[in-house]
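Commentary on secondary and tertiary structure
Listed here are the chains, written in short residue letters.
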Amino acid sequence: MNSWAGVAAALVSVASLLPLAFIMGVTIQTGWATATAMIFRPRVGELLANTVLLVLLTVPICIVLAVALAWLTERTDLPGARIWAWFAVTPLAVPAFVQSYAWVSLVPNIHGLEAGVLISVLAYFPFLYLPVAATMRRLDPALEEAAAALGDPPTTIFRRVMLPQLRLALLGGSLLVGLHLLAEYGLFAMIRFDTFTTAIVEQFQSTFNGPAANMLAGVLVVFCLGLIGIEAGLRGRARYARVGSGAAIQPRPVRLGWATLPCLMLPVAVSALALGVPALTLGRWLAAGGLDVWRLDAIGRSLGQTLVLAIGGALLATLSAIPMAWIAIRRPGPIQRLLEGCNYVVGSLPGVVIALALVTVTVRVALPLYQTLITILVAYALMFLPRALVSLRASISQAPVELEQAAASLGRSPASAFWSVTLRLAAPGAAASMALVSLGIFNELPAAQMLAPNGTRTLAMAFWALSGELDYASAAPYALIMVVVSLPLTWLLHVQSRRSAGR
Amino acid sequence: MSFLELRAVEKRYGATLALGGIDLDLAAGSRTAIVGPSGSGKTTLLRIIAGFEAPDAGRVVLDGTMLADGPRSTPPHRRDIGIVAQDGALFPHLSVAENIGYGLSRRYVGRDARIRDLLAMTGLDASILRRRPDQLSGGQQQRVALARALARSPRLILLDEPFSALDTGLRAHTRQAVSELLTAAGITTILVTHDQAEALSFADQVAVMRLGRLLQIGTPRQLYLQPVDPMVAEFLGETIRIPALIRHGIADCALGRIAVDDDRSGEAEIMLRPEQFAIQPVTEPAAPGDNGDALAEVISVDFGGATCTALVRLRTGRERTGAASRTDHAMLLRLRVSPIALPDVGTLVRLTVAGRAHVFPKDEQSERRPYRSV
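Residues numbered from 1 in each chain as written. Chains lettered and ligands numbered in written order. Predicted model: local features only at pLDDT ≥ 70, side-chain atom pairs only at ≥ 80, totals over all residues. Heavy atoms only, no water.

1. Regarding the environment of Gly226 of chain A
- Take Gly226 of chain A: it is sitting in helix α13 (residues 211–235).
- Along the backbone, Gly226 of chain A and Leu166 of chain A are 60 residues apart, and their C-alpha atoms lie at a distance of 22 Å. (Helix = DSSP H or I, 4+ residues; strand = E, 2+ residues; numbered from the N terminus.)

2. Some words on the layout of surface pockets
- Computed from the structure, the second largest pocket encloses a volume of approximately 1,100 Å³.
- Contributing to the lining of the second largest pocket are 33 residues, with Pro154, Arg252, Pro253 and Val254 of chain A together with Phe52 of chain B lying nearest its centre.
- Every element with two or more residues in the lining of the second largest pocket is listed here: α4 (42–75), α8 (141–149) and α9 (154–165) of chain A together with β1 (4–13) of chain B.
- With 5 residues, α9 of chain A is the single largest residue contributor to the lining of the second largest pocket.
- Partitioning the lining of the second largest pocket into residue classes produces 17 nonpolar, 6 polar and 10 charged. (1 Å grid on protein atoms, 1.4 Å probe; cavity = no way out; pocket = protein on both sides within 12 Å on 5 of 7 lines; lining within 4 Å. Points joined across faces, edges and corners; volume = space filled by probe spheres on them. Nonpolar A, V, L, I, M, F, W, Y, C, P; charged D, E, K, R; others polar.)

3. Regarding helix α3 (residues 111–121) of chain B
Residue and element names in this part refer to chain B.
- The complete set of buried residues in α3 reads Arg111, Arg114, Ile115, Leu118 and Leu119. Each buried residue of α3 lies within a common arc of 140 degrees when the element is viewed along its axis, so the set occupies one face. Projecting away from the buried face of α3 at angles above 90 degrees are the exposed residues Asp112 and Ala120.
- Looking at the buried positions of α3, the neighbouring elements they touch are α2 (96–100) and α4 (138–150).
- Taken from the residues just after α3, Gly123 is the one with a positive phi, measuring 75 degrees. (Buried < 20%, exposed > 50% of the residue type's maximum accessible area, 1.4 Å probe, protein only. Arc of directions from axis to C-beta. Contact = heavy atoms within 4.5 Å.)

4. A short note on the UniProt feature "domain: ABC transmembrane type-1" (unreviewed entry) in chain A
- The feature "domain: ABC transmembrane type-1" (unreviewed entry), as given by UniProt, occupies residues 48–229 and 303–493 of chain A in the numbering adopted here.
- Overall, residues 303–493 of chain A shows 82% helix and 0% strand. The separation of its end C-alpha atoms is 24 Å. (UniProt positions renumbered as here; feature names shortened; annotations may be inferred.)

5. Focus: the domain arrangement of chain B
Residues and elements named next belong to chain B.
- For chain B, the domain assignment lists domain 1 (2–232) and domain 2 (238–318 + 327–359).
- Centre-to-centre separation of domain 1 and domain 2, based on C-alpha positions: 40 Å.
- Taken together, the 6 residues of domain 1 in the interface contact 6 residues of domain 2.
- Buried area between domain 1 and domain 2, summed over both chains or domains, comes out near 550 Å², and the portion from carbon and sulfur atoms is 48%.
- Considering only the surface of domain 1 that becomes buried against domain 2, Tyr224, Pro227 and Pro230 emerge as the three largest contributors, covering 67% of it.
- Connecting domain 1 to domain 2 are 0 salt bridges.
- Linking domain 1 with domain 2 are 3 residue pairs in polar contact (both at pLDDT 80 or more), by the criterion used here. (Domains from an automatic or database assignment. Buried area = accessible area lost by both parts, 1.4 Å probe. Salt bridge = Lys/Arg side-chain N within 4 Å of Asp/Glu carboxyl O. Polar contact = N/O pair within 3.5 Å; in protein donor to acceptor, adjacent residues only side chain to side chain.)

6. Describing the nonpolar core
- Ranked by size, the top nonpolar core spans 140 residues in total, and within it Tyr101, Phe125, Tyr129, Tyr380 and Phe463 of chain A carry the most contacts.
- Broken down by element, this core gets its largest block of residues, 15 residues, from helix α7 (residues 112–138) of chain A.
- The residues contacting Tyr380 of chain A, other than those within four sequence positions of it, are Leu309, Gly313, Ile441, Glu444, Ala447 and Ala448 of chain A.
- By size, the runner-up hydrophobic cluster in this structure holds 42 residues, among which are Ile34, Ile190, Val192 and Leu214 of chain B. (Core = buried A, V, L, I, M, F, W, Y, C linked by side-chain atoms within 4.5 Å.)

So this is what it looks like as C-alpha cells:
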C-alpha cells in the first residue's frame, strides 16, 4: 500500500511538473538572445505595468472591503447580518467573465484599468471575505477585553489586536485573489484590458504555437511564483494558535446605534453592484430575447459536452489526488511535503499556461493526442488537483488509522482495508472534492478554447462566442445556466466556513 | 469608607437572573475572593466591575468615582482596572515583552526597564522576553498575564479563575506567589474561583455566591467555622451535622456534651468539621452507664496518603446506657484520620471534639429544622 501509493503520488507530481518543464525547455530551445529580445520589449513592459497595477489596486481594495463586510456581518448587530454574509459569498457563483459581460452591456464604453479593478473587486472579494469572516468568528473576545482593560479604546483594539490576528486569512485570501487576477482571461478580454493572460491567448490565436506566447507564459509563471513567494515570506512561521484551554466566550455584538443606516449602505451597495448588476443585465437580455434565445438543441449539446468534461475532469483529478492525500495523512514527511508543494504550485498556474504547455507537448511529442478529450481532461486534472487534494485530505483524516489496522487484523490486505474502510469513510469528502472540481471546470474558458477537441462548444465557449459577436441576448441563457449551477457551490462554501468556525 | 462599592447590582440575560441585587464593599489594599459553583454569576459580577458588561440596575463606585449607574457605564479602557483572565488571554501575535508592555505608551521613557522589573517581580526569567505566548508553560503564561495587568499600576486587579488551568502543584505555588506579590504591591484584588480551598487561602475577605446572590461575606475563618447556613457550610468543606438539645451554650447530642458558639437554648442542629474530631482506640469497652464519652466502631478506612478517612458508626444511646434514648438511631460519621494512626476496621474508638460546634443562625433557610424553644 505504502509503496504503490508513494510511486503513484510521485508519478502524479512529476506529471504535474510537465508544464513548468516545457516552459523552461522552450525557453532554452529558443535561445537566450531571442528569448531576451522577446521578453524585453515595450509590449511586455506595457503588459507588466497593467498587470502590476491591477494587482496592486485590486488586492488592497478587496482587503478593505472584505474586512469591513466581515466585521459588519460577524461582530455587529447589523440588521439581516446572515443574509448579507450569504450575499458576500454569492458573487462567486457569477463567473468573472459573466460579471464583465453584465457591466459591458450595461455601460458599453467601460474599459481600461479602472473598469478592470472595479469588476475584479466585485468578482473576487469573496475569496478574502470567506477566510476573514471565518477567522473573525473564531477570534477570542477575551483578547479584546484584555486590551480594553489595558486602556485601549475600541478603534485601537481593532488595529492592535484584531487586524494582526487576521493576518493569515488576509495573506491567504490576497494570494488567491492575486492568482485569479493573473489567470483570468474572459473578464479582461471583454473590457479590452490587456494582461499577460489575455496577451498569451491572443498570441496563441494569431500565431498558434509561437515562441512568443511561450515567453509571455514564462514571465507569467515567474510572476505567479513571485506572489507565492511573497505570501510565504510574509506569513513566516508564525502561527496564531489560541493560547490556553478555557472555553471561548461568545463575542458581544457591537451596537451600531445611529450608525446602523450608514453601515447598512456598504453591504447594500456591494450586493447591488456584484449581484444586482448581473441579475439586472441577464434579466433584461433574457426578457428582450424571449423564447427565441432558448435554442434548446444548441444549449443542450453545450450542456452535455460541458458535463462530460466537468465530470470526467473531476474524476481524473480526484483519482490522481487519492495517493497524495493518503500519504499526506498517513505517512507525512519532507518528501511528501515536497511532492505536495509541486501540486499546489502547478495548480496555482494560470489555465492558459498549462494549456499552452500541453499544446506544445502534444504537438511535438504525441500529435495524435492533440485536441483530444484525454489532453483536456489531463489539463483540468492538473489545474484543479489542489482543490481535490484539500477536501480529500480533510476527509481521509476523518478516517482514523486504527480502523484500517482493525480491518487488517481481521484478515484484509492493506489495499482491501483501504478500499473497504478508509475510502468508504472518505466518500463524502471525495464527493465534495469532485463537486468543487467539476464546478471549476464548468465555468472554465481559456483552456477549453485552446485544448478542446474540434466541434466542442462548452457553455463558457458558446457564451464567449455569442457575446463576442455582441449577440448579448443569445448569450444570456448560457450565462444563466452557469450561474444557477454554481449557486450550490457558494452555499457549500458558506456553510463550510461556518462549520470550520464551530457553528 | 470602602474603596470599591457595589450597591444593588442587578443583571438579567433574557429571563435568566444572573445577578440579583449584589452589595459588596472592598477595603483599599484588601484581597477578596468570590467563590461559588459554576453558573452562580461570579464571572458576570467580575465583568460588570471590569466594564465588559453594564448592570441593568445598581451602582459600581471605585474610590469615589461612579463607574456604573444602571446601564450608564464607563467603558473598560477608562476604568484603570487590571484583569487576568482564566487562560491569561495573552496576545498570540506579540512576544512576551510586547505583551507586558502592551498597556505602556511607546513614548514612556523607562518602558524597557519597567518591563524587566515586572518580569522579575512576577518571578520570570528575562530569557523569555522574546518568546511567543505559545512557547510558554501554563504557569508562565499566567505570570506574564499578571505582569501585563500590573504594568499600568491599576487601582484594582481582577483575577478570573487564573489558576484553574494549572496543575495541582503549580497551582498552589503560583497562587502563593501571586498573593505575596499583590500584598507587597498593596493592590486591591478580587479573585473569582469555584475552588473553595483557593478562595480561603488567598483572600482576607470571602464572598460565597449562589444563583446570582451573595449568601455570606466574611473572613475565611468566619465563613468556614461559622457559616450562615448549611449550603455555605457544605460548599466550603465537609460537614458533620447532628441534632442536639442546646442549653446554656452546651449541646447535648449523640456525641455527648459539646460546647457551641451560640447562647440560645432549644432543639437545633449543630455543625462540626471533620478535622475537629480526634479518635483514640479504646482497649476496654467502657461500662454501660458511662455517659460522658462518645464511642464508635470503625466500619471502613480509606488510605489516601495525606488525607485518610475513617467511616465510623456512633454507638447509640441504648448501646451505651442500656436504656432507650433520643439518640437511638445509628449514626455514621466520616472523619479525617492521620495516616500514621489509621485504626483497623472493627476497632472501637473514643471520639473527642476540639473547639466548639456551630449552630446555624435562625433564618428562612433553616426553617426546615426549626429552632424549638424549650
